[in-house]
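What the coordinates show
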Amino acid sequence: MDVCTLRKNDVARGFFNGIIDKDLVSWASMIEAYAQVNLPLEALELFKSMMVQRIRPDLVALLSVIRTCSNLASYKKARWIHGVVIRSFFGHHVTLETSLVDLYVKCGSLNAGKARCWCLGALLGACRIHSNIELAKTAAKNLFELDAENPGRYVLMSNIYASSGKQKDADKIRDLMKQRGVRKVAGHTSIEIRNKVYTFVAGDKSHAQSDLIYSELEKVINRIRQEGYKPDLNFVLHDVEEEMKETMLYVHSEKLAIVFGLLNSGPGSVIRINKNLRVCGDCHTASKFISKVMGREIVMRDAHRFHHFNNGACSCGIIGDIVIEGQYLVHKLS
Ligand code: ZN
Ligand code: ZN
């Protein structure tokens, strides 16, 4: 960390110390400041001090401290934070659960027993990030028993197999999904421009501006690639050619809606879109790059939360990007 960043943090801590009646926002902001500059011990100590003051942490403070502590890879600290989460009574919260799973994985201490304690799905998503197929199989078995009607479980498990080169196993999961009559909701993204709502599905060419949208999309993809964006091919079907995989990613509904927004809204205005499912990991990454390269804030509401993309970053602070629905897989199934 550079000296300038350290000084800024010292100044922030000075202000923080000077606040007489510190409320939750003051504590959470300072904890997040430490988390952002990767000072996990400082963040954790401050978090403990907040608890001593009997201030109940909110989601922001919990996510900050979990995120930063994952860098410590300390099982003991992970257990302690897990206890705080349970006592904080947030109930079922997918982002929190995913962050906890990630924390445990980084401590090297995730076992199948925990699959029964947590939900996205969260465990399967983490397995995908960490390419842990054995754990994914155990988790999927439990999840299929507990939640056999949830299509996201099947899609994600199939994608985990496919990304590990086990296409036959991936096909078996898809067959199982068909046999059980589980059908997937198709993903779509909508955007409101001048009081009219426009909706896009993946590969959509039904819009009057389609030619313009696709030519602009190509330009945008080229620009973000120059900036460092690399398409994450894990988010498409795996039984297609590499070149085709990239094309499939580029025409996801999120990207089409964003480009439509770029074309049809005033320079510098905020682009607001809604995704009916959870945002795909690749589109999440691409949105960060687009916000920076095009100088536009993008506010995306997906099935789980708001994402505020600005200058190359997203407000969600999710560790890694997790997807539960593969749109093309869905398309093939239906
Ligand atoms: Zn996508
Ligand atoms: Zn986000």
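So, how was this worked out
Residues numbered from 1 in each chain as written. Chains lettered and ligands numbered in written order. Predicted model: local features only at pLDDT ≥ 70, side-chain atom pairs only at ≥ 80, totals over all residues. Heavy atoms only, no water. Donors = N, O, S within 2.8 Å, 3.2 Å for Na, K, Ca; no water. Tetrahedral: all angles 85-135°; square planar, octahedral: opposite > 155°, others 65-115°. Helix = DSSP H or I, 4+ residues; strand = E, 2+ residues; numbered from the N terminus. Buried < 20%, exposed > 50% of the residue type's maximum accessible area, 1.4 Å probe, protein only. Core = buried A, V, L, I, M, F, W, Y, C linked by side-chain atoms within 4.5 Å. Contact = heavy atoms within 4.5 Å. Salt bridge = Lys/Arg side-chain N within 4 Å of Asp/Glu carboxyl O. Axes fitted to C-alpha atoms, helices over the stretch in contact; angles between N-to-C directions. Parallel < 35°, antiparallel > 145°, perpendicular 65-115°, else oblique. Pairing = 2+ DSSP bridges. pLDDT = per-residue confidence, 0-100.

**So, the coordination of the zinc ion (ligand 2)**
Within the first shell, the zinc ion (ligand 2) binds the protein through His 284 (NE2), His 307 (ND1), Cys 314 (SG) and Cys 316 (SG), at distances of 2.0 to 2.4 Å. Every donor counted, the four donor atoms about the zinc ion (ligand 2) form angles of 101 to 117° at the centre, which fits tetrahedral coordination. Mapped onto the polypeptide sequence, the residues donating to the zinc ion (ligand 2) form the spacing pattern H-x22-H-x6-C-x1-C. Taken together, the positions of His 284 in helix α14 (residues 281-293) and Cys 316 in the loop between β6 (313-314) and α15 (327-333) put the pair 32 residues apart, joining distant regions of the chain.

**Some thoughts on the environment of Phe 15**
Locating Phe 15 in the fold gives a position in helix α1 (residues 3-18). Sequence separation between Phe 15 and Ser 26 is 11 residues; the distance between their C-alpha atoms is 9.8 Å.

**With respect to the coordination of the zinc ion (ligand 1)**
Note on the zinc ion (ligand 1): its protein donors are His 252 (ND1), Cys 280 (SG) and Cys 283 (SG). The metal-donor distances range over 1.9 to 2.3 Å. Spacing between the donor residues of the zinc ion (ligand 1) along their common chain follows H-x27-C-x2-C. Of the two residues, His 252 sits in the loop between α12 (242-250) and α13 (253-264) while Cys 280 sits in the loop between β3 (271-275) and α14, which places them 28 residues apart along the sequence. Each member of the pair, His 252 as well as Cys 280, is classed as buried.

**Points about the nonpolar core**
Side chains that are nonpolar tend, in soluble globular proteins, to be buried together. Counting residues in hydrophobic clusters, the biggest one holds 33 residues, and the most contacted among them are Ile 191, Phe 200, Ile 213, Leu 217, Ile 224, Ile 273 and Ile 290. Of all the secondary structure elements, the ones that give two or more residues to this core are β1 (188-193), α11 (210-227), α12, α13, β3, α14 and β4 (298-301). Sequence-distant contacts of Ile 213, that is, excluding residues within four places in its chain, are made with Phe 200, His 207, Leu 256, Val 259, Phe 260 and Leu 263. Residues Leu 44, Ala 61, Ala 78 and Tyr 104 belong to the second largest nonpolar core, which totals 28 residues.

**Some points on the pattern of salt bridges**
Per the stated rule, a full pass over the model turns up seven salt bridges. The partner of Arg 67 in a salt bridge is Glu 32, and the shortest N-O contact between them spans 3.1 Å. One end of the pair, Arg 67, is in helix α4 (residues 59-69); the other, Glu 32, is in helix α2 (residues 24-36), with 35 residues separating them in the sequence. Using a relative accessible area of 23% as the deciding quantity, one classes Arg 67 as partly exposed. A salt bridge links Lys 255 to Asp 282, with the shortest nitrogen-to-oxygen separation between them at 2.7 Å. Taken as a pair, Lys 255 in helix α13 and Asp 282 in helix α14 lie far apart in primary sequence, 27 residues in all. An identical accessibility class is assigned to Lys 255 and Asp 282; each is buried.

**Let's talk about the packing of α11 against α13**
As a packed pair, α11 and α13 sit with axes 9 Å apart at the nearest point and diverge in direction by 100°. Between α11 and α13, the interaxial angle falls into the category roughly perpendicular. Where α11 abuts α13, its residues Leu 212, Ile 213, Tyr 214, Glu 216, Leu 217, Val 220 and Ile 221 lie against Lys 255, Leu 256, Val 259, Phe 260, Leu 262 and Leu 263.

**So, the sheet that holds β3**
Pairing is mixed in the open sheet, where six strands are placed in the order β2-β1-β3-β4-β5-β6. With one partner strand each, in any of the chains shown, β2 (196-201) and β6 form the two edges of the open sheet. The pairing of β1 with β3 spans three bridges and is classified as antiparallel. In the sheet register, Ile 191 faces β3, and the bridge partner there is Ile 273. Packed onto the sheet, α14 meets β4, β5 (306-310) and β6 and runs at close to 40° relative to β5.

**Details of the confidence of the model for the chain**
When pLDDT is averaged along the chain, the result is 76; 70% of the residues meet or exceed 70. Confidence, expressed as mean pLDDT per element, reaches its minimum in the chain at α15 with 29 and its maximum at α13 with 96. Between residues 112-119, whose pLDDT stays under 50, and residues either more than four places distant or in other chains, the model counts 19 contacts. With pLDDT under 50 throughout, residues 319-334 is counted as low confidence; its partners more than four residues away or in other chains account for 62 contacts.

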